Amino acid sequence: MTLTVLTDDQIRSLLENLTAAELDGFQGALAKALHEYSTCGADGETSVDQPERISVHNNATGATTLFMPSSNSSGNGIKELIILEKMANSKRAHLEEWLKTGNVIYKSVGLGLMDLSIGMHIVEFAKEKGVGTHVEGF
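As the structure is a prediction and not an experimental result, all values here were calculated from the model.

Scanning the protein chain for helices and strands turns up four helices and five strands. Along the protein chain, from the amino end to the carboxyl end, the secondary structure elements read β-α-α-β-β-β-α-α-β. Across the protein chain, contacts joining residues at least 24 apart in sequence account for 54% of those joining residues at least 6 apart. Per element, the accessible surface of the protein chain, about 9400 Å² overall, is 56% carbon and sulfur.

Right, here's the structure in full:
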């Protein structure tokens, strides 16, 4: 398996420079994933179970992290969401500064399955374009 690492700037550049045909590819990948999700699976018979969500609360920062796994016939992914609750200003500022260092990989609104589908398509697209750091045998 290959691990692909993309920076925010690399992803932004890839997405901002899409041709109409490349954008159609992203739309097709998302449509396929949503169709599979809504019709029980790629073969129309096998259900793709969505794993349970879990949460972890950090008493030191007052933040709660939600881990929302998702799966389809192409693979597995996880969406992570940090909820900042009733934090003291100093703790909130510390956490916001920590988040700015790049520890958040990706955040979107919607089903985790959408993140998985588009994320996988971005990785494949980046490989085709020779963008990113690719680590073999990960």
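Relative to strand β3 (residues 63–72), strand β2 (residues 54–58) is paired through five bridges, and the arrangement is antiparallel. Counted as the bridge partner of Asn 58 is Ala 63 from β3.

Let us now look at the pairing of β3. When you tally the buried positions in β3, you get seven out of 10 residues, the bulk of the element. In this structure, the hairpin formed by β2 and β3 is closed by a connection of four residues, where Gly 62 is found at a positive phi of approximately 80 degrees.

A rise of 1.5 Å per residue sets the reference length of helix α2 (residues 20–38), with its 19 residues, at 27 Å; its end C-alpha atoms lie 27 Å apart and thus fit the reference within 8%. Within α2 the residues assigned to the buried category are Glu 22, Phe 26, Ala 29, Ala 33 and Glu 36. The buried residues of α2 all sit within an arc of 100 degrees when viewed along its axis, so they share a single face. Opposite the buried face of α2, at more than 90 degrees from it, the exposed residues are Ala 20, Ala 21, Gln 27, His 35 and Ser 38.

Membership of the largest hydrophobic core is limited to seven residues, which are Leu 6, Leu 14, Phe 26, Ile 118, Ile 122, Phe 125 and Ala 126. By residue number, the principal contributor to this core is helix α4 (residues 112–129), which donates four residues. Among all residues touching Ile 118, those that are not within four sequence positions of it are Phe 26 and Leu 30.

The residue Gly 75 is located in strand β4 (residues 75–84) in this model. As for Gly 75 and Leu 116, which are separated by 41 residues in sequence, their C-alpha atoms are 8.0 Å apart. Setting aside residues up to four positions removed in sequence, Gly 75 forms contacts with Ser 70, Leu 116 and Met 120.

This brings us to the packing of aromatic side chains. Per the counting criterion, the structure on display carries one aromatic pair. Their ring planes at 75 degrees and their centres at 5.7 Å tell us that Phe 26 and Phe 125 sit as a pair that is edge-to-face. Pair noted here: Phe 26 is in helix α2 and Phe 125 is in helix α4, with a separation of 99 residues, a long-range link. Neither residue differs from the other here; Phe 26 and Phe 125 are each classed as buried.

Our focus in this paragraph is the environment of Glu 36. Among the secondary structure elements, Glu 36 is positioned in helix α2. Residue class for Glu 36 comes out buried when judged on its relative accessible area of 6%. Each C-alpha atom of the pair Glu 36 and Ser 73 lies 8.4 Å from the other, and the pair is 37 residues apart in sequence.

Definitions and cut-offs
Residues numbered from 1 in each chain as written. Predicted model: local features only at pLDDT ≥ 70, side-chain atom pairs only at ≥ 80, totals over all residues. Heavy atoms only, no water. Helix = DSSP H or I, 4+ residues; strand = E, 2+ residues; numbered from the N terminus. Contact = heavy atoms within 4.5 Å. Areas by Shrake-Rupley, 256 points an atom, 1.4 Å probe, with all protein chains shown as cover. Pairing = 2+ DSSP bridges. Buried < 20%, exposed > 50% of the residue type's maximum accessible area, 1.4 Å probe, protein only. Expected span 1.5 Å × (residues − 1). Arc of directions from axis to C-beta. Core = buried A, V, L, I, M, F, W, Y, C linked by side-chain atoms within 4.5 Å. Phe/Tyr/Trp six-rings, centres within 6.5 Å; stacked < 30°, edge-to-face > 60°.

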